[in-house]
Amino acid sequence: MLVKQDIIALLMLALDGEDIRADIAYILGELKEKKAVDALIRTINDEDEEVARNAVYALGKLEDSTAVPHLIEKLKESSSSMKASIVRALGQIQDPRALGALQASLKEDDESVRIRSAEALGMLSSEKVARPLITAMMEDNNRLVRLWAVYALVKLGASERINSLVEFLQDPDPVIRFNAAAALGKLNSRETLSVLRKALSDPDERVRHRVVWALGELGDTTSVTSLLKCLKDPVEQVRYLTCEALGKIVDMRAVEPLLDGLNDQSDQVRFYAAQALTNFGGQVVLVGLKQAFTREKAQWLKEVFEELIEKVKKKIEVKKAIEDILIKVEKIQQ
């Protein structure tokens, strides 16, 4: 019987000869298997760029500083698309030795490399990156580069830059607004709540679902009323991400609307509504899930509902047991 270590060994061997090397490199990164670092370092010089790029991606996921000098060297002789991948990997590894290379790549002609460089410098969380980021924010002619430079500066503690980041939510380009919402969600700052809630009415569906995600990440109960309206959004992805966000915030005002979501025409919305409701627990949720199970037509969802019903039952049992213990303790103290 194969165990995990046997599978890892086979995957590493396959990097040297199989025609699915690109997929194997990617899988090794997803597995975050440290034993694969040396094999992946060798693979970043593969003549097949897709294989090499996936090896770079995997090294970024592994976050092993052993790869840093090799990635920096590879950066000197790569195509623009490869440079963008390397820069991001260096940011993920967060090794200060990459600072010089990332500062230099922030001046590359290719916009995608500069965007990734600004993002990567923000990952380093070092005061030394402030000056090149400020320069990029003030001078770069690409709005996405400026946006990620601002985001990185805010992460470093330049709180006065939040207003600059908020301004990107008004940009005419929906791609910029989408990325601005993503950055604001990652900052976890209450200062951004009101402007994000206003952006829930953005005409671009991609921006709306990213704003919903951001509000879920911030997890503030003041956003619940605004989010509840998004359960009626015509776009499926906005609705199911709204269910997910409400499940993170766990405000009781969301229970009834989420129960209504179990009747949504979309399988995905019904799935995310059920998942969210499980975080609340209680008899009302249990009854709602049982009713949803009875009327559900999709077999895969029936199986999901069955599992979630058991989870809610266990939550109710645990809560009851705790209440019984507290009652006994109270009687003893009397």
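The structure this text deals with has already been given above.
Residues numbered from 1 in each chain as written. Predicted model: local features only at pLDDT ≥ 70, side-chain atom pairs only at ≥ 80, totals over all residues. Heavy atoms only, no water.

Chemist: Help me understand the overall build of the chain, please; the structure alone is not making it clear to me.
Modeler: The secondary structure content of the chain amounts to 20 helices and zero strands. The dimensions of the chain, computed from C-alpha atoms along their principal axes, are 70 × 55 × 50 Å. A buried classification covers 50% of the 334 residues belonging to the chain. In the chain, 62% of the contacts between residues at least 6 apart in sequence involve partners at least 24 apart. In the form shown here, the chain has an accessible surface area of approximately 17,500 Å², with 50% of it arising from carbon and sulfur atoms. Treating the 48 positive side-chain charges of the chain as one cloud and the 53 negative ones as another, the clouds have centres 6 Å apart. (Helix = DSSP H or I, 4+ residues; strand = E, 2+ residues; numbered from the N terminus. Buried < 20%, exposed > 50% of the residue type's maximum accessible area, 1.4 Å probe, protein only. Contact = heavy atoms within 4.5 Å. Areas by Shrake-Rupley, 256 points an atom, 1.4 Å probe, with all protein chains shown as cover. Lys, Arg positive; Asp, Glu negative; His and termini not counted. Charge placed at Lys NZ, Arg CZ, Asp CG, Glu CD.)

Chemist: What should I look at first to understand the nonpolar core in this one?
Modeler: Nonpolar side chains in soluble globular proteins tend to be buried together. The biggest cluster of nonpolar side chains holds 108 residues, and the ones touching the most others in it are L40, L71, L165, L196, L258 and L262. Sorting elements by how many residues they give to this core places helix α10 (residues 143–155) first, with ten residues. In contact with L262, other than residues within four places in its own chain, are R270, A273, A274, L277, G288, L289, A292, R295 and F305. (Core = buried A, V, L, I, M, F, W, Y, C linked by side-chain atoms within 4.5 Å.)

Chemist: Would you explain the side chain of E296 in this entry?
Modeler: The residue E296 is located in the loop between α19 (283–295) and α20 (299–333) in this model. Residues contacting E296, with those up to four places away along its chain left out, are R270, L301, K302 and F305.

Chemist: Would you mind showing me how to read the environment of K229 here?
Modeler: Along the chain, K229 falls in helix α15 (residues 224–230). Look at K229 and you get exposed, because its relative accessible area is 64%. Separated by 29 residues in sequence, K229 and L200 have C-alpha atoms that sit 9.3 Å apart.

Chemist: I'm lost on the pattern of salt bridges in this one. Help?
Modeler: Opposite charge on two side chains makes pairing possible when the charged atoms of those side chains draw close. For the coordinates displayed, the defined rule picks out 20 salt bridges. Notably, a salt bridge pairs R114 with D140, separated by 2.7 Å at the nearest N-O pair. Note that R114 is positioned in helix α8 (residues 111–124) and D140 in the loop between α9 (130–139) and α10, a separation of 26 residues in sequence. You can call D140 buried: its relative accessible area is 11%. (Salt bridge = Lys/Arg side-chain N within 4 Å of Asp/Glu carboxyl O.)

Chemist: Quick question: what am I supposed to make of helix α14 (residues 205–218) here?
Modeler: What sets the pattern is the α-helix's 3.6 residues per turn: residues three or four places apart point alike. The end-to-end C-alpha distance of α14 is 20 Å, a good match for the 20 Å that 14 residues give at a rise of 1.5 Å each. Across the 14 residues of α14, ten count as buried, placing the element largely inside the fold. If you check which residues of α14 are buried, you get V207, R208, H209, V211, V212, W213, A214, L215, G216 and L218. In this structure D204 caps α14, since a side-chain oxygen of it lies 2.9 Å from the backbone nitrogen of R206. Of the residues one or two after α14, G219 is the one with positive phi, at around 65°. (Expected span 1.5 Å × (residues − 1). Polar contact = N/O pair within 3.5 Å; in protein donor to acceptor, adjacent residues only side chain to side chain.)

Chemist: Explain the environment of A273 here, please?
Modeler: Here A273 lies in helix α18 (residues 267–280). Those residues in contact with A273, other than ones at most four positions away along the chain, are C243, L258, G261 and L262.

Chemist: So what exactly am I meant to see when it comes to unusual backbone geometry here?
Modeler: Most peptide bonds adopt trans geometry, and most residues besides glycine take a negative phi value. Positive phi is not limited to glycine here, since Q94 has a value of about 60°. Residue classification places Q94 among the partly exposed residues on the basis of a relative accessible area of 48%. At V250, a position not held by glycine, the phi torsion is positive, near 55°. Mapped onto the elements, V250 comes out in the loop between α16 (236–249) and α17 (255–261).

Chemist: Looking at this model, I keep getting lost on α18. Mind explaining?
Modeler: Over its 14 residues, α18 runs 21 Å from end to end, which matches the ideal 20 Å to within 8%, given 1.5 Å per residue. Listed as buried for α18 are V269, R270, F271, A273, A274, A276, L277, T278 and F280. Regarding α18, its N-cap is S266, as a side-chain oxygen of that residue lies 3.2 Å from the backbone nitrogen of Q268 further along. Taken from the residues just after α18, G281 is the one with a positive phi, measuring 70°.

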